[in-house]
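Structural overview for review
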Amino acid sequence: MQKIILTKSFEQDWIRMFTHLANLFFEQSKVSTDPDEEGILIDLSINKDGSAIVGHAHLTHDGNEFSATFSEQLTTDSTETETRQLKRIYSHVFLEVLEQLTGMKQSWGILTGIRPMKLFHKYRQQGHNVEEAKHLLMEKHRISEEKSELLATIENVQLQAIPDLHQIQNDVSIYIGIPFCPTKCAYCTFPAYAIHRKNGRVESFLDGLHEEIREIGKWLTERDIKITTIYFGGGTPTSIEADEMDALYQTMYDSFPHMKEVREVTVEAGRPDTITPAKIDVLKKWGIDRISVNPQSYTDETLKAIGRHHSVQETIDKFWLSRNMGMKNINMDLIIGLPNEGLEEFRHSLDETAKMQPESLTVHTLSFKRASEMTRNKEKYKVADRETVEQMMEMGEQWTKENGYVPYYLYRQKNILGNLENVGYAKPGEESIYNIIIMEEVQTIIGIGCGASSKFMDPATGKITQFQNPKDPAAYILTFEEYIEKKIEHLERIFPQAIQVD
């Protein structure tokens, strides 16, 4: 635990901000204002010089001293408060002295949130051109030129995939959560429960899910609201039986309005051990050809260590089964930094992926999520160091370029190895519309099913309200009707019924 002592008092939300920044440098840190504690001492101050606000930081530790200064013109942007500007200035100088102390450069600068692309889009929507937006990211947020260029590339791809990206706020997308998996992976914090049939909870859950789809579909139909994309996630949606999948898609088509105009329907078939010819036949019957077949790694020992009870060969076999049966848009996921994996193992995973050429590939960087088995037992799971993880990321970037993929979405997570990012790559024209929409938060996403999170976006203001369905199937079965009512209340606030004029 690295303690950082500030020489002046700050509100608790400011302390949280400084703690997030400190955690970029130290595995665990504590920011305190108690002068009696020992640690890295940082003196922070702000003064005004005419129309400029100037921030100063002075760090003292083990006989070493480092200083930083950063200034901005007093904000005249009506969308930004003075407090937000002050936080940014303090963050600049706080980060800079820690970079000087540790020798570590943070390529994402002062950003600790998960959606850097959203900030880039904001600057572009304000009327800045691409070069101006990149400059703002580098100057105001200390983002490296390399990462700023990556965001600019992604924005261009996103607007080609969804030309009306910033005009779909009056439509919605749907996320349908099915919380069952063959087993739960060690890094996972999604609502995922080992599927078994003894107590009838799978059947009871599905009964509730059908009803929720019907009721939300009825409300959307009455309002004549169009659906942009539908995404079946989980868990693993292909954990249920083929006939159960068939019935679910029947209810979806019977209930949701304008299904012929839905741009994309995705079904996560992420666990290869759930894919069967019968299930692929059902997907084909309903015209669903975007699925995920997720290897995560092509090393059998790694799969065992993280709790995935399938083999590398089964991943390969199920990919080709899906492809040969007509699945034309297959996504695959790889994770950088899994236990006991280094450059050699990741290079092997890329080499195997090259043989299959999926339409899209998401390269995740391992994140120690608070509630995961891996986080609770860190000593059991030895992972790569920061330098190795960065080399893996560079290897993935080079491989995707060589194989004709372009980056199309990006997000970050807390406690992510190397303070890096997760990047979705796709062959041109094969980008996931849903992935872009959920990351850029450009419209309401209605979450249906177990653990599904809804994001209700006010079309007029862009303000987002989140609402979570119960994560546990037993709780969902008992309360789904109540949660349907609450979701509809949220929807009616942001999509009021138009007044009929005779």
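With respect to the helices, strands and loops of the structure, Ile-446 is situated in strand E16 (residues 444-449). Residues Ile-446 and Gln-466, 20 residues apart in the sequence, show an inter-C-alpha distance of 9.8 Å. Those residues in contact with Ile-446 that sit more than four places away from it in its chain are Val-172, Ser-173, Ile-174, Tyr-175, Ile-216, Leu-220, Ser-454, Lys-487 and Leu-491.

The next subject is the pattern of salt bridges. What the rule picks out here adds up to 26 salt bridges. With its nearest N and O atoms 3.0 Å apart, the salt bridge here joins Lys-285 to Asp-246. With Lys-285 in helix H8 (residues 277-285) and Asp-246 in helix H7 (residues 242-255), the pair connects residues that are 39 residues apart, well separated along the chain. Asp-273 is the partner of Arg-271 in a salt bridge, and the nearest nitrogen-oxygen pair spans 3.5 Å.

Interaxial distance between helix H11 (residues 343-356) and helix H13 (residues 386-402) falls to 10 Å at its minimum, and their mutual angle equals 20 degrees. Between H11 and H13, the angle is such that the two are roughly parallel. Both H11 and H13 take part in a crossing whose hand is right-handed. Between H11 and H13, the contacting residues are Leu-343, Phe-346, Arg-347, Leu-350, Thr-353 and Ala-354 on the first element and Thr-388, Gln-391, Met-392, Met-395, Gly-396 and Trp-399 on the second. When grouped by side-chain class, the residues that make up the contact of H11 with H13 number seven nonpolar, four polar and one charged.

With 14 residues, H11 should cover 20 Å at 1.5 Å per step; its first-to-last C-alpha distance of 21 Å lies within 8% of that length. Buried within H11 we find Phe-346, Ser-349, Leu-350, Glu-352, Thr-353 and Met-356. All buried residues of H11 lie within an arc of 165 degrees about the axis, which places them on one face of the element. Residues Glu-344 and Lys-355 are exposed on H11 and point more than 90 degrees away from its buried face. If you follow the buried residues of H11, they end up packed against helix H10 (312-324), strand E12 (329-336), strand E13 (360-365) and H13. Just beyond H11, the residue with positive phi is Gln-357, at close to 50 degrees.

Thresholds, definitions, all that
Residues numbered from 1 in each chain as written. Predicted model: local features only at pLDDT ≥ 70, side-chain atom pairs only at ≥ 80, totals over all residues. Heavy atoms only, no water. Helix = DSSP H or I, 4+ residues; strand = E, 2+ residues; numbered from the N terminus. Contact = heavy atoms within 4.5 Å. Salt bridge = Lys/Arg side-chain N within 4 Å of Asp/Glu carboxyl O. Axes fitted to C-alpha atoms, helices over the stretch in contact; angles between N-to-C directions. Parallel < 35°, antiparallel > 145°, perpendicular 65-115°, else oblique. Left-handed = near helix turned anticlockwise from the far one by under 90°. Nonpolar A, V, L, I, M, F, W, Y, C, P; charged D, E, K, R; others polar. Expected span 1.5 Å × (residues − 1). Buried < 20%, exposed > 50% of the residue type's maximum accessible area, 1.4 Å probe, protein only. Arc of directions from axis to C-beta.

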